[in-house]
Each structure stands twice: as C-alpha cells, then as structure tokens.
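Residue strings, one per chain:
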Amino acid sequence: MGCAASSSLHRRRRKRPPVSEVAVFVPSLRVPLPVDLARHLRGLVSRHALDTVSAARARVVSSASENVSSNVLELRRSLEEYLPLLLGFTKKEFRLEFLVEFKWRDVEVQKRETCIASAWYELLSVVHMMAMMALLEANLVIVHSDSVDVCESEVSEDCKKTAIDLLLMASGYLEFCVRDILVHMPLDVKKNLPGELQEGMLEAIATQALGQGTEMQLGLAVESQKATLSVKRRLACEQVSYFAQAHYCLSGCDINEHEKKILLFIKWKYLEAKAAAYYFHGQMLDKGNAPSDHINAAYCILAAEELLIDSKRACLCFCLAAPVTRVPPAWGAMKHLHQKIPELASKKCQTYGYLFEEDNRVLNHCQISQSFRSR
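Residues numbered from 1 in each chain as written. Predicted model: local features only at pLDDT ≥ 70, side-chain atom pairs only at ≥ 80, totals over all residues. Heavy atoms only, no water.

(A) Geometry of helix α8 (residues 199–223). Taking 1.5 Å of rise per residue, 25 residues should cover 36 Å, and α8 covers 37 Å from first to last C-alpha, within 8% of that figure. When you tally the buried positions in α8, you get 20 out of 25 residues, the bulk of the element. (Helix = DSSP H or I, 4+ residues; strand = E, 2+ residues; numbered from the N terminus. Expected span 1.5 Å × (residues − 1). Buried < 20%, exposed > 50% of the residue type's maximum accessible area, 1.4 Å probe, protein only.)

(B) Structural detail: the sheet that holds strand β1 (residues 30–32). The strand order β1-β2-β3 describes an open sheet built from three strands, whose pairing is antiparallel. A strand with exactly one partner marks an edge of an open sheet, and here the two such strands are β1 and β3 (113–116). For this sheet, the mean angle separating the axes of adjacent strands, direction not counted, is 25°. Pairing of strand β2 (residues 102–106) with β3, which is carried by four bridges, proceeds in the antiparallel orientation. (Pairing = 2+ DSSP bridges. Axes fitted to C-alpha atoms, helices over the stretch in contact; angles between N-to-C directions.)

(C) Spatial organisation of the nonpolar core. Grouped together as the largest cluster of nonpolar side chains are 109 residues, with contacts concentrated most on L124 and M185. The element that contributes the greatest number of residues to this core is helix α5 (residues 119–143), accounting for 19 residues. (Core = buried A, V, L, I, M, F, W, Y, C linked by side-chain atoms within 4.5 Å.)

(D) Representation of the packing of α8 against helix α9 (residues 229–251). With their axes 8 Å apart at the nearest point, α8 and α9 run at an angle of 165° to one another. It follows that α8 is roughly antiparallel to α9 by the angle criterion. Helix-helix and strand crossings are classified by hand; for α8 and α9 the assignment is left-handed. For the contact of α8 with α9, a count of residues per class yields 13 nonpolar, nine polar and four charged. (Parallel < 35°, antiparallel > 145°, perpendicular 65-115°, else oblique. Left-handed = near helix turned anticlockwise from the far one by under 90°. Nonpolar A, V, L, I, M, F, W, Y, C, P; charged D, E, K, R; others polar.)

(E) A look at the packing of aromatic side chains. A complete count under the given rule lists seven aromatic pairs for this structure. Plain terms: the ring middles of Y279 and F280 are 5.1 Å apart, the flat faces sit at 70° to each other, and that makes the pair edge-to-face. Aromatic rings pair up to connect F25, F265, W268 and F318 into one cluster. The positively charged end of K261 is found above the aromatic ring belonging to F318, 4.2 Å away from the centroid. (Phe/Tyr/Trp six-rings, centres within 6.5 Å; stacked < 30°, edge-to-face > 60°. Lys NZ or Arg CZ within 6 Å of the ring centre and 35° of its normal.)

Laid out in structure tokens, this is it:
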C-alpha cells in the first residue's frame, strides 16, 4: 500500500506541468467534444455533405484533444476548414439550427461542459476558439524569443510585427462574435452561454488584444529613432484607454474565481501603460521653455515611478493568481522604461528636491488646518 501510494505520488509529481509564462493573456480555452451528426441529420442533408461536415468537425476534435500549444497551426487550419461548412447550419431555409446538441468543454475546468442545441452556439464557439488560437500564437511568438537573462528578454522587430497581426486578428474574430453572431441568437440560448462567451467578456478580450497590440507598437516606436515623443505619448495614452475600456466591459460580467486572473492582468497592463504615458508626457514638458514646464515634468516623472512600482506589484498578484504563471522578463517598451524611469526620477529629485519638500510642508499644513476646521 505504502509503495503504491508513494509511486503514484512520484508519478503525479513528474507529470506536473511546467509553470507557463504570459506575455499575451489567453483566457481559458474551450474545446469541442465528439457529436454524432449522422444520428441527427441523416435524411435531412445529402450523404456527401454529412460525411464532409462530420469529417471536418472530427479533425477539429482530434486536433484539440492533443497538446494545443504545440498544435496551434494544425488546429487553426482545421477550424478554418470547418467554419464555412458550419455556416450552412445557420441558414434558416435549411431548418437545421436547433437539431444538433453541440458539446464543448473548458480545458482548465475539465468538469465544466456546455451542451446547447444551437448551430449559432457552435459557430460562436468555433470563432471564439479561432480568436484564442491567435492569442496563443501571439504569446508563443513573444515568449519563445531569445532571452538575454532572467530579468530581460530580447524580442525582435519581426516577432513584434507578427504578434501585432495576430492580436488584430483575434480582436477581429471577437468583434465578429459580438456583432454578427450574438445578435442572431435566441434569448434562451444566450442565457445558457458560459461566462467566456458572454458579450461583456468577448468585448473585454477584444479590447485587451487591441491594447496589447498598441503596447507592441509603442515598443517599436521606442526602438525607432524616427518616432517622436508625441507619437510615443499618443500610443501610451491609447493603451491606457484600451485597458480602461476592457476593465469597464468586465465590470458588467459575472466573474468566477478562475476568471479573476483576467482582471488582474488588465490592472497590471493598465498601470504599466499609465506609467509610460506619464513618462512620455513629462519628457515633452521638459522640452518647454517656461520654468513651470520643468517642474511639472518632474512631477510627471515621479508619478510614472510610483505607477511603475504599483505595476510591478500588480504583475506579481497576477502571476500568483490561479493558474500560477512565471513573472515575465521585461521586454518591449517596458524594458526601456524599467531602466529610464527610476534614473530620471532620481535626477529630478536631486534637482527639484527642495520644491517637493516645500510642497509636502504646504500639504501637511493644509491637512492640519482642515482637521481643526472639521472639529
């Protein structure tokens, strides 16, 4: 008994998956389960059409049953072949919309299966999975770049451009889900959709993808000598806007314990983007001629430093949330800013330290006066 228990424990330890690294956030994947299409559709469609659709869906199920991370391209091809065939099920004239109960399962939460007799549900699940494959591929492109050391990562320009294209593709798929699939779904079908397919969640992940695409564009701008400070500031501000919008979309969703990691990721990226926006705005102010411009620039840089510290804490909270992920190395624009912001903040403190101390004294005096008035 003891030997069997210890050997089984040893096997479990050996099979423990490695802790993954996240550069592009990929929500929990959903995979299709086998369905006997012939039993439901025999006699309603031609034998050839039935065999073609059944084979196409079986390829998707087979590809999804393997290690998805190492099988992304094949799975994407299978989904692209199945999608046009599936569209026929949604045509009202064929009257096939509600004849087949399609089954999908959450990869992270194995017991969570959703079975709905609706071709629109199957279409939504397929397009959603295509979006997740694009996000997963974008993450692999960035994570598999050559690492300089544990704290830094070198991501090539080609990798960033490829990842940007994949992020735009993922966002486009998710927007299609909201605009062109959900609107056709009956209300009773919508009510039974899992959390990942709710409208707010789809919009949040689509916006998050745009935010991360902008983050990579900012990284390219930082490395380019032709990009102006105003361009860099605009990209950073766009990033802030995208992640704020993604958080707003999630605020109307029922978030379970597993999906809280999405919120933590968006908070981390929002703080990073805000730090970048303050930094580049401070850099622009510093080029002004008025003395107040330089003082305001100093305040911006100090605010950027505070936000950078907060973003590192938020990153750690994200990584420790289930499922646990590794703390990612700095790359792109943040690799540059992790070095530049503390350096510049230190210089500004040395130059304008006396003003900051005076402001603190005035602030403390105001707070004391206010407390006396309240009494």
